[in-house]
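# Coordinate analysis (summary)
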There are 2 protein chains.
Amino acid sequence: MNPDITRERENATFNVEKLTHILDGGIEKTKRRREIESLVISDPDFQSEDLNFLSRSERYDAAVKKSAQMILKLREYGISDPEEIYCYKSVFRGNHQEPLDLHLAMFLPTLLNQASPEQMETFFIPAWNLDIIGTYAQTEMGHGTHLRGLETTATYDPATQEFVLNSPTITSIKWWPGGLGKTSNHAIVLAQLHTQGKCHGLHAFIVPLRSMNTHIPLPGVVVGDIGPKFGFDEVDNGYLKLENVRIPREHMLMKYAKVEADGTYVKPPSAKLTYGTMVFIRSMIVGEAGHALAKSCTIAIRYSSVRHQSEIRPGEPEPQIMDYQTQQYKLFPLLATAYAYKFVGQYMNQVYHRITGDISQGDFSELPELHALSAGLKAFTTWTASEGIEVCRMACGGHGYSRCSALPDIYVNFVATCTYEGENTVMMLQTARFLIKSYQQASAGHQLSGIVSYLNESERRLQPQSVSSRPTVVNVNDLASLVEAYKLRAAKLVEVAAKSIQQELQKRVSQEDAWNNSAIDLVRASNAHCHYVVVKLFAAKLGEIGDTGVHSVLSTLALLYALQGIQQNSGDFLQVTTTMTGLLSVPQLSQVSQRLKELLAQLRPNAVALVDAFDYCDEMLNSVLGRYDGNVYEHMFEWARRSPLNKTEVHESYHKYLKPLQAKL
Amino acid sequence: MNPDITRERENATFNVEKLTHILDGGIEKTKRRREIESLVISDPDFQSEDLNFLSRSERYDAAVKKSAQMILKLREYGISDPEEIYCYKSVFRGNHQEPLDLHLAMFLPTLLNQASPEQMETFFIPAWNLDIIGTYAQTEMGHGTHLRGLETTATYDPATQEFVLNSPTITSIKWWPGGLGKTSNHAIVLAQLHTQGKCHGLHAFIVPLRSMNTHIPLPGVVVGDIGPKFGFDEVDNGYLKLENVRIPREHMLMKYAKVEADGTYVKPPSAKLTYGTMVFIRSMIVGEAGHALAKSCTIAIRYSSVRHQSEIRPGEPEPQIMDYQTQQYKLFPLLATAYAYKFVGQYMNQVYHRITGDISQGDFSELPELHALSAGLKAFTTWTASEGIEVCRMACGGHGYSRCSALPDIYVNFVATCTYEGENTVMMLQTARFLIKSYQQASAGHQLSGIVSYLNESERRLQPQSVSSRPTVVNVNDLASLVEAYKLRAAKLVEVAAKSIQQELQKRVSQEDAWNNSAIDLVRASNAHCHYVVVKLFAAKLGEIGDTGVHSVLSTLALLYALQGIQQNSGDFLQVTTTMTGLLSVPQLSQVSQRLKELLAQLRPNAVALVDAFDYCDEMLNSVLGRYDGNVYEHMFEWARRSPLNKTEVHESYHKYLKPLQAKL
């Protein structure tokens, strides 16, 4: 054990284990998680060469191998609870993805949600047994977020009782689905349904892609890998061009909408029924944002405690780089953010499960709010977490740039969440639509409930004449007071966006153009709303924590999170009211800066303990810099020596190009 | 040609070719650049498979091949001017790096600057002929920016008239130098010189690493590749462990400092003599920031003109995504930034050449300012450009994540500049040191000259009592007035930092701790200083442009750049004075927002023409999304089909893992 990091741990002022239990949701959950993790760690079948040393084809190969093994192991150990499966996967996949992810996360759940009982019988068990390996093919080369624009067609032919699937244009080729290129033998294909001469919009069809015996693509199916990407090297994201592919009528997912044998179309009872999965996945991504950032902070903070560099005081030994105020300012607010997002993830999960209960009872009332919240928070957390991962990487200096730090892997695999499952700007605008609608309802005198209830007050509070009714001046040392400040900022920015739309409309532009011409303001409003929600939830979480030591350190983190957000968006807080003075004054902002510095110094002794509490084992981090024992340098050397370029002392290119050149010149 | 992009070009309001000449520095330079580019493009020897389809070893191999060919071609064509060599390389390397980069950019120049005439004779011609292939080995595993911390030793042995080189610890292993792992047979090694029992600090030594005949490492030389990185896949960044390696006395670079035969150390005449290369490389990086961002904008803006998605007005066809205000808000300020950095790069280049003249005359007076400026601007431009590249990438939606967009390559290879040649935060603090020193001089009544002369006024202007002497209110439509606003912001933030140091000192902490405890403020001050310099130089450039159409569109860009900076840092501008009111008022900030939206709409018709003016040929961009002809989709499909995973219809992993699994379950 590196003595620097041991000393850090000795200096912690709280019980790390207790904080871990809070993050896991209870002592029992921590115990069970560790049991599952140790199953993977001790399993020789999961030991493998660092994926970074392999070619893409080898990485894909290794990932398929692991996935196949996992299926066998899960059965062997009798693990079937989704949360436990997730936990098991998290260990062996490390910072990477898997070709079978969409089979498990989209194909099977879509069957569960949208297949009729007969279809469940036909498809689910084979899919569960991996005879059928499926993916979910929605996005097309020319069409992403805008589902109505999808071009793939499924035309019903009553003569044979089949659907005929086609990709009519180059832009209609299915593009991006994970596992589509080489792994899957089936796909759920989203296509425009045509029957009896009419188009009924998008529906889902189970399309066999490859022979069950030979795995060779079936006639009319042009399928393959879309080529290398920023990350996701282990996944065969694929393309699919359908040329008059015929499937039986029973391959349309018919739990809700139906096409009868004669071609008669039967509408689904509610359009909202397919909403759920989307909301669930976006909520999951919020948790993933916390997860990715927590891993990155673990690596950067542990490394900062063992790395010595430069000097603060002349003549003294080089200090730990964590002693630099600039380093603390980079990392500690991100650490606070990681905690915030972990708690927000827990909250979203709870809300989702509560509302799913309501939905199954036919009560959709809370769905719009959850939909808006999950969309905005997905965008807000993935953007900030992605930036944060890069800050962590660069805070490790040159070594952060090496793949041995794991930070490049974490970044390239996480940053995709900004784009998939709803492009972030589009997500922000969806949340904005809900906010503006709520604002208009409040303006019309309706009493709002739920998370947007603050818009009830905004009209009243933000009028210049009612300055006196504003709450007493913000106290920058009081979290509750800061939550209030974030709330007023959100209210103000929603109002600014709403007014921009009104002003545009006064110029006689259409409702749609007014919306587009206010889009910058709308995104800002959503952003402020999400920021408020995060600060509020972080503050609420503190109320649940009994242990004094843990409560104290988490309070410091929450205050740091809130104050740093104010500093970074100080313009918003200075101009938050329509009156002459802002919500915060200029001297208060200096106070914020001063307080921030104090909080950094205050957190310094607990930094390593706070990342230890995330409890990522070395196998999950797979980072030389983030090792629990802090013994970075010897392992970096050992890792480097395994680089494939070191297999021979002299690379063949010397004989091929350099030696002949030297002879020639 | 895609009709959308043709229409864009028809709508431009200025002469693209004229703007290209301005960027190149004259019509003749444009002509010559294109001549050189066409040499590479038409050369069948430089045609190769997309590097993204190759393994790392194959990529390294391909890069060595290209480098070797380049040397032959340059001689064949008689190209020897450094700028022309740079231009030649820029085409064939595309978005990648080369193993021989350090040979050309560091090894040869260091010989030129630091070798004695006899050493020039011994080493330069062989190095020029690539018999000697060299690199520059400075950084060690445990030591980066802080040069004094380097541990490698070179101990003089007068008995044999040799230096004995050693890596005494694991942290002293040389780490990171490009081309060190496999390519180089020599290195210039920075080591602590010991002679006659005394250490004389860092000096440079030419160390043979590999046999000139067999390329096998020499005795005592442990050398290899440090393994895969975020980018730089083509480069064999290496490690070097020296175990009692003996080199003749004549291998110490002795143009300035010397060790005589008996071991007597002779000091160099000035410590500043080796400053120059560092300043030069940092200045170059500023230009590279403009270059990388300009490429990224070219790709994202062309793609945004041919990509159609979603709807603005119901019932109408899907609009070009460039018609979305949010898309314009992402890309156009970055386009403005790319122009700004290109102009700053030109300026730095000019200043460098002017000052180099002075230095060779023994006049070092301007060096501290240039050093401070190049450090800060290097950090400022590389941070913002790196973030900007990612914004461009994500603005391309899912397809930006594909390696076919080229944006991942541009990012991973460029972002390293934030760390190398001086870690950015350290660079910002170096600039801050100069600013604080200047501020203190001004406070003591000295009249400052040069770029920091604004600090002369700050003391006077920023006093509360002298509100009346402030310039008239900022005009948000007038660039000169905005330059003034940026200047006052910089002056204010330098003052805040200086005062923080004073306050810390009053708490009786040491000078060094006071500095560290004010580091956040110091970085902010440097940042504001650099921002001011960029805005000022952009405004100054406009004065040189005669053509009305070009002047008009560049003025719009400059205004956009300045106003967006104000919006993003609105807190600074609202609180810029120590008086009760800010430099800008809250209503003025609303005006800024409004004006920004207008400028986006105004730039919309010129966006494609503005990226065309950068004049990157398709071969240099190597991006399916950024193609000049806009025919994105068919080429994306064609590119994907070449993916190595598509070489067989069925990947071997199916037979190895999936089929047996299906049989087993």
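The structure presented is a predicted model; accordingly, all values stated were derived computationally and were not measured.

## With respect to the packing of aromatic side chains
Aromatic ring pairs are defined here through the distance separating the ring centres and the angle between the ring planes. Residues and elements named next belong to chain B. Applying the stated rule across the entire model yields 52 aromatic pairs over all chains. Considering the side-chain rings of Y88 and F92, the 6.2 Å spacing of their centres and the 70° angle between planes classify their relative orientation as edge-to-face. Of the two residues, Y88 and F92 both sit in helix α5 (residues 82–93), four residues apart, roughly one turn of that helix. On the basis of relative accessibility, which here comes to 0%, the residue Y88 falls in the buried class. By relative accessible area, F92 is classed as buried at 6%.

## Comments concerning helix α6 (residues 101–114) of chain B
Its 14 residues give α6 of chain B an end-to-end C-alpha distance of 19 Å, which sits within 8% of 20 Å, the value for a rise of 1.5 Å per residue. Of all the positions in α6 of chain B, only D101, H103, M106, F107, L108, T110, L111 and Q114 of chain B are classed as buried.

## Quick word on the UniProt feature "binding site: FAD" (unreviewed entry) in chain A
All names here are of chain A. UniProt's feature table lists "binding site: FAD" (unreviewed entry) at T139 and G178, given in the numbering used throughout. These residues run over 40 residues, yet every pair of their C-alpha atoms falls within 10.9 Å of each other. With respect to the helices and strands, the residue T139 is situated in the loop between β1 (134–137) and β2 (153–157). Here T139 is in contact with G144, K174 and W175, once residues within four sequence places are set aside. When near neighbours in sequence (up to four residues on either side) are disregarded, G178 contacts P99, L102, T135, V235, D236 and N237.

## Description of the sheet that holds strand β8 (residues 238–242) of chain B
Sheet architecture is open: three strands sit in the order β4-β8-β7 (chain B), paired in antiparallel fashion. A single partner strand is all that each edge strand has here, and the edge strands are β4 (174–175) and β7 (221–225) of chain B. Pairing between β7 of chain B and β8 of chain B: five bridges, direction antiparallel. Looking at β8 of chain B, one finds that D225 of chain B is bridged to G238 of chain B. Against the sheet, helix α23 (residues 632–641) of chain A touches β4, β7 and β8 of chain B, its axis set at about 115° to β8 of chain B.

## Focus: the side chain of E390 of chain A
Position of E390 of chain A among the secondary structure elements: in helix α10 (residues 367–395). Classification of E390 of chain A by relative accessible area gives buried; the value is 4%. One polar contact links E390 of chain A to R393 of chain A, side chain to side chain, over a distance of 2.6 Å. For E390 of chain A, the contacting residues outside a window of four places in its chain are Y411 of chain A together with F230, Y411 and V415 of chain B.

## Observations regarding the relation of the copies chain B and chain A
When chain B is fitted to chain A, the best match, at an RMSD of 0.1 Å, comes from turning it 180° and sliding it 0.0 Å along the axis. Read as a symmetry element, the transformation amounts to a two-fold axis. Residues of chain B ranked by C-alpha distance from the rotation axis are headed by G571 of chain B, positioned 1.8 Å from it. Both copies share a contact surface, since 100% of the interface residues of chain B are interface residues in chain A too.

## Quick look at the environment of A497 of chain A
All names here are of chain A. In this structure, A497 sits in helix α15 (residues 479–506). Each C-alpha atom of the pair A497 and P3 lies 54 Å from the other, and the pair is 494 residues apart in sequence. Apart from the residues lying within four places of it in its own chain, the contact partners of A497 are I436, S518, D521, L522 and A525.

## Side note on the UniProt feature "domain: Acyl-coenzyme A oxidase N-terminal" (unreviewed entry) in chain A
In the numbering used here, UniProt assigns the "domain: Acyl-coenzyme A oxidase N-terminal" (unreviewed entry) feature to residues 15–133 of chain A. Taken end to end, residues 15–133 of chain A is 71% helix and 0% strand, and its two terminal C-alpha atoms sit 45 Å from one another.

## A few points about the interface of chain B and chain A
At the interface, 139 residues of chain B touch 139 residues of chain A. Across the interface of chain B and chain A, roughly 11400 Å² is buried in total on both sides, 60% from carbon and sulfur atoms. Considering only the side of chain B, the residues that lose the most area to chain A are F230, Y401 and I520 of chain B, jointly responsible for 7% of the buried surface there. For the pair chain B and chain A, the interface holds ten salt bridges. Ionic pairing is found between K330 of chain B and E423 of chain A, a salt bridge with its closest N-O pair at 3.6 Å. At the boundary of chain B and chain A, one finds 69 residue pairs in polar contact (both at pLDDT 80 or more).

## Notes on the sheet that holds strand β8 (residues 238–242) of chain A
Overall, antiparallel pairing links the three strands, which are arranged β4-β8-β7 (chain A) in an open sheet. A strand with exactly one partner marks an edge of an open sheet, and here the two such strands are β4 (174–175) and β7 (221–225) of chain A. Each of β4, β7 and β8 of chain A is contacted by helix α23 (residues 632–641) of chain B, which is oriented at about 115° to β8 of chain A, the strand it contacts most.

## Topic: unusual backbone geometry
Residue and element names in this part refer to chain A. Of note in the backbone geometry, L130 takes a positive phi value of approximately 65° without being a glycine. Locating L130 in the fold gives a position in the loop between α7 (117–128) and β1. What makes L130 buried here is its relative accessible area of 1%. A positive phi is found at W176, a non-glycine position, where the angle reads about 100°. Tracing the backbone through its elements, the reader meets W176 in the loop between β4 and β5 (186–195).

## Description of the pattern of salt bridges
All chains considered together, the criterion is met by 95 salt bridges over all chains. A salt bridge links R313 of chain A to E316 of chain A, with the shortest nitrogen-to-oxygen separation between them at 3.3 Å. Take R313 of chain A: its relative accessible area is 34%, and that puts it in the partly exposed class. A salt bridge links D409 of chain B to R403 of chain B; the shortest N-O distance between them is 2.9 Å. The exposure class assigned to R403 of chain B is buried, which follows from its relative accessible area of 10%. Ionic contacts of the salt-bridge type, sharing partners, join the residues E17, D24, R33, R34, E37 and D615 of chain A into one network.

## Some words on the packing of helix α2 (residues 16–24) of chain A against helix α3 (residues 27–41) of chain A
Residues and elements named next belong to chain A. Taken N-terminus to C-terminus, the directions of α2 and α3 make an angle of 90°; their axes are 7 Å apart at the nearest point. Viewed along their axes, α2 and α3 adopt a mutual orientation that is roughly perpendicular. Packed against α2, whose contacting residues are E17, T20, H21 and D24, the element α3 presents I27, K29, T30, R33 and R34 at the interface. For the contact of α2 with α3, a count of residues per class yields one nonpolar, three polar and five charged.

## Brief notes about the confidence of the model for chain A
Summarising the model, chain A shows a mean pLDDT of 93, and 96% of its residues fall at 70 or more. Here residues 464–469 of chain A is modelled with pLDDT under 50, and outside its nearest four sequence neighbours on either side it reaches six contacts, counting other chains as well.

## Observations concerning the nonpolar core
One finds W175, I301 and Y339 of chain A together with W175, I301 and Y339 of chain B to be the most contacted residues of the largest nonpolar core, which totals 357 residues. Examining the composition of this core, we find that 16 residues originate from one element, helix α9 (residues 325–360) of chain B, more than from any other. Apart from the residues within four sequence positions on either side, Y339 of chain B is in contact with L19, L23, F538, L554, L557, L610, A613 and F614 of chain B.

## Overview of the pairing of strand β2 (residues 153–157) of chain B
Residues and elements named next belong to chain B. Counting buried positions along β2 yields four of five residues, so the element is predominantly enclosed. Taken together, the five bridges between β2 and strand β3 (residues 162–166) define a ladder with antiparallel strand orientation. Its bridge partner lying in β3, D157 is registered against E162. From the end of β2 to the start of β3, which pair antiparallel, there are four residues, and Q161 there has a positive phi angle of about 55°. Pairing of β2 with strand β5 (residues 186–195), which is carried by three bridges, proceeds in the parallel orientation. Across the sheet, T153 pairs through a bridge with Q192, a residue of β5.

## Some remarks on the packing of helix α24 (residues 652–664) of chain A against helix α4 (residues 56–77) of chain B
At a closest axis distance of 9 Å, the pairing of α24 of chain A and α4 of chain B adopts a crossing angle of 10°. With respect to α4 of chain B, the element α24 of chain A is oriented roughly parallel. Where α24 of chain A approaches α4 of chain B, its residues E652, S653, K656, Y657, L658, L661 and K664 of chain A are matched on the opposing element by Y60, D61, V64, K65, A68 and L72 of chain B.

## So, the state of the cysteines
Note: disulfide means a covalent bond formed between the sulfur atoms of two cysteine side chains. A complete count under the given rule lists zero disulfides over all chains for this structure. The thiol of C404 of chain A is unpaired, and the distance to the nearest cysteine sulfur, on C396 of chain A, comes to 9.8 Å. Overall, C404 of chain A belongs to the buried group, its relative accessible area being 1%. No disulfide involves C297 of chain B; its sulfur sits 4.1 Å from the nearest other cysteine sulfur, which is in C392 of chain B. The exposure class assigned to C297 of chain B is buried, which follows from its relative accessible area of 0%.

## Description of the side chain of D50 of chain B
Residue and element names in this part refer to chain B. Here D50 lies in the loop between α3 (27–41) and α4. Comment: no salt bridge for buried D50; closest opposite-charge side chain is R642, at 4.9 Å. A distance of 2.8 Å separates a polar atom in the side chain of D50 from the backbone nitrogen of N52. Each residue touching D50, except ones within four places of it in the same chain, is listed here: N622, W639 and R642.

Criteria and cut-off values
- Residue positions are counted from 1 within each chain, in the order its sequence is given.
- Chains carry letters from A onward and ligands carry numbers from 1 onward, assigned in written order.
- For a predicted model such as this one, the threshold for reporting local features is a pLDDT of at least 70, and the threshold for listing and counting side-chain atom pairs is 80 or more; totals across whole chains, interfaces and linings nevertheless cover every residue.
- Side-chain figures throughout are based on the complete set of non-hydrogen atoms in the structure, without hydrogens or water.
- Two aromatic rings, drawn from Phe, Tyr or Trp (for Trp, its six-membered ring), form a pair once their centres lie within 6.5 Å of each other, and the interplanar angle then sorts them: stacked below 30 degrees, edge-to-face above 60, tilted otherwise.
- A run of H or I in DSSP becomes a helix once it reaches four residues, and a run of E becomes a strand once it reaches two; helices and strands are each numbered from the N terminus.
- Accessibility here uses a 1.4 Å probe with only protein chains present; expressed as a share of the type maximum, an area under 20% marks a residue as buried, one over 50% as exposed, and anything in between as partly exposed.
- One fewer than the residue count of a helix, multiplied by 1.5 Å, yields its expected span.
- UniProt positions are given in the numbering used here, feature names are shortened, and annotations may be inferred rather than shown by experiment.
- The contact definition used throughout considers only heavy atoms, calling two residues in contact when any of these lie within 4.5 Å.
- Two strands qualify as a pair provided DSSP detects at least 2 bridges between them.
- For helices, the axis comes from a line fit to the C-alpha atoms of the stretch in contact; other axes are also lines fit to C-alpha atoms, and the angle between any two N-to-C directions lies between 0 and 180 degrees.
- Between N or O atoms, a polar contact is any pair within 3.5 Å; within protein, one atom must be a potential hydrogen donor and the other a potential acceptor, and residues adjacent in sequence are included only when both atoms are from side chains.
- We place the copies in one frame by least squares, fitting the C-alpha atoms of every residue whose pLDDT is at least 70 in both.
- When two components associate, each loses some accessible surface as probed by a 1.4 Å sphere; the sum of these losses over both components is called the buried area.
- Each reported salt bridge corresponds to a side-chain nitrogen of Lys or Arg within 4 Å of a carboxyl oxygen of Asp or Glu.
- Any angle between 65 and 115 degrees counts as roughly perpendicular, while under 35 counts as roughly parallel, over 145 as roughly antiparallel, and the rest as oblique.
- When residue character is reported, Ala, Val, Leu, Ile, Met, Phe, Trp, Tyr, Cys and Pro are called nonpolar, Asp, Glu, Lys and Arg charged, and the others, Gly included, polar.
- Along the chain, pLDDT gives the predictor's confidence residue by residue, from 0 to 100.
- Think of a nonpolar core as a cluster: buried Ala, Val, Leu, Ile, Met, Phe, Trp, Tyr and Cys residues, connected wherever their side-chain atoms sit within 4.5 Å.
- In plain terms, two cysteine sulfur atoms within 2.5 Å form what is called a disulfide here.
- Only four residue types enter the charge count: Lys and Arg as positive, Asp and Glu as negative, with His and the chain ends excluded.

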